[in-house]
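A closer look at the structure
This is what each chain is made of:
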Amino acid sequence: MRPRIQELVDESLASAKRTGKIELVEELAFPVPFQVISDLLAMPTDRGDELREWSQIITATLEPTTGVEDLERAEIAIGKMRPYLNEIIEDRRRKPGDDMLSSLIAVEEQGEKLNNDELMSFVILLYIAGHETTVNLIGNSVHALLTHPLQLETMRRESCTSNMVDELLRFNGPVQHTIRTPLVDVRLNVAGDEVTIKKGALVLASLAAANHDATVFCEPTYA
Ligand code: HEM
């Protein structure tokens, strides 16, 4: 998909060149990943703004600060997204293409196919996992470079490498934590203390803390 992504980025930058300014999130960081995911699934983009609003409301519930109101808003958003996705899935069943959604509809394992609920959850996952994250990687990374002139100069001189992208993911990545549940009691030694995490407990794994662990990264934050 690289040529298509390049084309989308060039389009966003072309208007910036003309006007001499860019609102990074609105004009590049959001539209590019959103279009890429939509292309991947061959999703119509006519209701792109609604799809964006729904996936942002749903994504917000991943935060540990989520309250009852956020969950209620997400329920309403999913309630609107489901019939819309159902229509698209039914249409794709009738007219399959060479897109990822058609492949998901066609995939069969031991005679089992994904039902509409499973297909919808996967499409919702892709929109959330695939676009909100990338929007924030682009936003956080450009902010980090603009506030760290030395690193910006290095990237300009040597051009952007995958190692630089990994470093930007480590420094201030879009996913700061994730959740795990142990299936058995787990005993950990934390700084000499024996800690037991009970089977079935909810564990917030802080990726951000791990990415700034000074015993692993020599200079976790640039002074
Ligand atoms: C900068 C961009 C991205 C970041 C930082 C990111 C981060 C993550 C993280 C941390 C997880 C693991 C969550 C966990 O194990 O609890 C994850 C899972 C996942 N991501 Fe991404 N992601 C990004 C982009 C994408 C894109 C572009 C797609 C799809 C096109 C995607 C699809 C997925 C899927 C399907 C999973 C679930 C995998 C599984 O459960 O086996 N992500 N992502």
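One structure accompanies this document, and this report is about it. (Residues numbered from 1 in each chain as written. Predicted model: local features only at pLDDT ≥ 70, side-chain atom pairs only at ≥ 80, totals over all residues. Heavy atoms only, no water.)

Another aspect to go through is helix α7 (residues 116-146). Given a rise of 1.5 Å per residue, 31 residues ought to cover 45 Å, and the 45 Å separating the end C-alpha atoms of α7 matches this to within 8%. The N-cap of α7, judged by a side-chain oxygen 3.0 Å from the amide nitrogen of aspartate 117 a few residues on, is asparagine 115. (Helix = DSSP H or I, 4+ residues; strand = E, 2+ residues; numbered from the N terminus. Expected span 1.5 Å × (residues − 1). Polar contact = N/O pair within 3.5 Å; in protein donor to acceptor, adjacent residues only side chain to side chain.)

Next up on the list: unusual backbone geometry. Despite not being glycine, alanine 42 shows a phi value in the positive range, around 50 degrees. In this structure, alanine 42 sits in the loop between α3 (31-41) and α4 (48-60). Judged by relative accessible area, alanine 42 falls into the partly exposed class, the value being 35%. (Buried < 20%, exposed > 50% of the residue type's maximum accessible area, 1.4 Å probe, protein only.)

This next bit is on the nonpolar core. Ranked by size, the top nonpolar core spans 28 residues in total, and within it Leu41, Met43, Leu51, Leu85, Leu101 and Tyr127 carry the most contacts. Going through the elements one at a time, α3, α4, α5 (68-94), α6 (100-106) and α7 are the ones with two or more residues in this core. Residue contributions to this core peak at 8 residues, all from α7. Not counting residues up to four positions away in its chain, the partners in contact with leucine 85 are Met43, Met120, Val123 and Ile124. If you look at the next biggest cluster of nonpolar residues, it comprises 7 residues, including Ala144, Leu152, Met155 and Phe171. (Core = buried A, V, L, I, M, F, W, Y, C linked by side-chain atoms within 4.5 Å. Contact = heavy atoms within 4.5 Å.)

On the surface, Ile179, Leu202 and Leu204 cluster together into a nonpolar patch covering about 310 Å² of accessible area. For isoleucine 179, the location among the structural elements is in strand β3 (residues 177-180). Classification of isoleucine 179 by relative accessible area gives partly exposed; the value is 41%. (Patch = residues over 30% accessible without salt bridge, like charges linked within 9 Å, V, L, I, M, F, W, Y side chains within 5 Å. Areas by Shrake-Rupley, 256 points an atom, 1.4 Å probe, with all protein chains shown as cover. Salt bridge = Lys/Arg side-chain N within 4 Å of Asp/Glu carboxyl O.)

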